[in-house]
Amino acid sequence: MKRNIILYIAKLVSIPWLILPNRLRKIFFTIFFILESRGDDPKKGLKSLFLIKDNLDWVINERALKYGSGIHPKHYLMNYHDFFSNRIKDGSKVIDVGCGIGIVSLNIAKKLTKSSIIGIDIKKKNIIIANQLLNKSNLSNVNFIHGDINNQNDIKADYVILSNILEHIENRAEFLKNIQKTSNSKIFLIRVPNFERDWQIAMRKELGIYYFSDVDHKIEHTVGDLKKDLENAGFIIKETITAWGEIWANCEYENS
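One structure accompanies this document, and this report is about it. Predicted, not measured: the structure shown is a model, and the values here were computed from it. (Residues numbered from 1 in each chain as written. Predicted model: local features only at pLDDT ≥ 70, side-chain atom pairs only at ≥ 80, totals over all residues. Heavy atoms only, no water.)

Describing helix H10 (residues 223-232)
Thinking step 1. The set of residues buried in H10 consists of Leu226, Asp229 and Leu230. The buried residues of H10 occupy an angular sector of 95° when projected down its axis, which confines them to one face.
Thinking step 2. On its buried side, H10 packs onto helix H8 (172-183), strand S5 (187-193), strand S6 (235-243) and strand S7 (246-253).
Thinking step 3. One or two steps after H10, the chain reaches Gly234, where phi turns positive at roughly 95°. (Buried < 20%, exposed > 50% of the residue type's maximum accessible area, 1.4 Å probe, protein only. Helix = DSSP H or I, 4+ residues; strand = E, 2+ residues; numbered from the N terminus. Arc of directions from axis to C-beta. Contact = heavy atoms within 4.5 Å.)

See the structure below:
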């Protein structure tokens, strides 16, 4: 609600604001940031700047979604879907847990035409959008389900995808074990934010301010953290890649 109010106020003042020359607006903002950071306590100034940066990141993502007509440009800029599709044997059964609006599932279905992909998400709105995108794609090898993976009894697969999901889970070992038991999958392909993506993340932690990239995150992993979570659930990491501030892991279930 707060951000909706901010957007409404911004709309009201947009016309007089945009009358100002672009260069003058940039100078104004730079001066504002400098003033906001000054004072006897650099810690207080840094905290203030980081909180302003959070709002700026929110606006950037909001504009990026608008630019991409509802689909974030990061999907094609990062090409991170390739990590999943390149490690899945065509003709396999795949579960995309927490599939969101289905971009990863649709991309894999398009590349691996002999495979069968199920995308499941707990948010009904996401599944509605995913099905709308599916209807436009003419793909027949992907299906979207609204529900909680923890409540599924018969949803077997060869591969499980967890793309930016694990960091939202409190009891991650139990979560992973339950999915493995439900799916009987031995291979999990996982993507999580990397805590070590930037020095500013560690600086924020030192300053005692929120340093996760989403308010719903319970953790942001180092490679060591991820390895520990997976080992607790009976998995080993066969391969890791770090790029774009993320950790990608190819994991195999070893407990019998």
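From this point, things continue past the structure.
Some remarks on the nonpolar core
Thinking step 1. Within the largest apolar cluster, 26 residues are counted, with the highest numbers of intra-cluster contacts made by Val97, Leu162, Phe175, Leu176, Phe188 and Ile190.
Thinking step 2. Elements supplying a minimum of two residues to this core: strand S1 (93-97), strand S4 (159-163), H8, S5, H10 and S7.
Thinking step 3. In terms of nonpolar packing, the next biggest core, distinct from the first, is built from 22 residues, Tyr80, Cys99, Ile108 and Ile127 among them. (Core = buried A, V, L, I, M, F, W, Y, C linked by side-chain atoms within 4.5 Å.)

Focus on the pairing of strand S3 (residues 142-146)
For a regular strand, side chains alternate in direction, first toward one face of the sheet and then toward the other.
Thinking step 1. Relative to S3, strand S2 (residues 116-121) runs parallel, the two being bridged by 5 bridges. The partner of Gly119 across the bridge, within S3, is Phe144. (Pairing = 2+ DSSP bridges.)

A word on the pairing of S7
Thinking step 1. The buried fraction of S7 amounts to 7 of the 8 residues, a majority that puts the element mostly inside the structure.
Thinking step 2. Where S5 lies against S7, 7 bridges are found, and the strand directions are antiparallel. In the strand pairing of S7, Phe188 is matched with Cys251.
Thinking step 3. Examined bridge by bridge, S6 and S7 share 8 bridges and lie antiparallel to one another. Across the sheet, the residue bridging to Phe235 is Tyr253, located in S7.
Thinking step 4. Connecting the antiparallel pair S6 and S7 is a turn made up of 2 residues, with Trp244 showing a positive phi of about 55°.

Geometric values such as these leave the question of function open.
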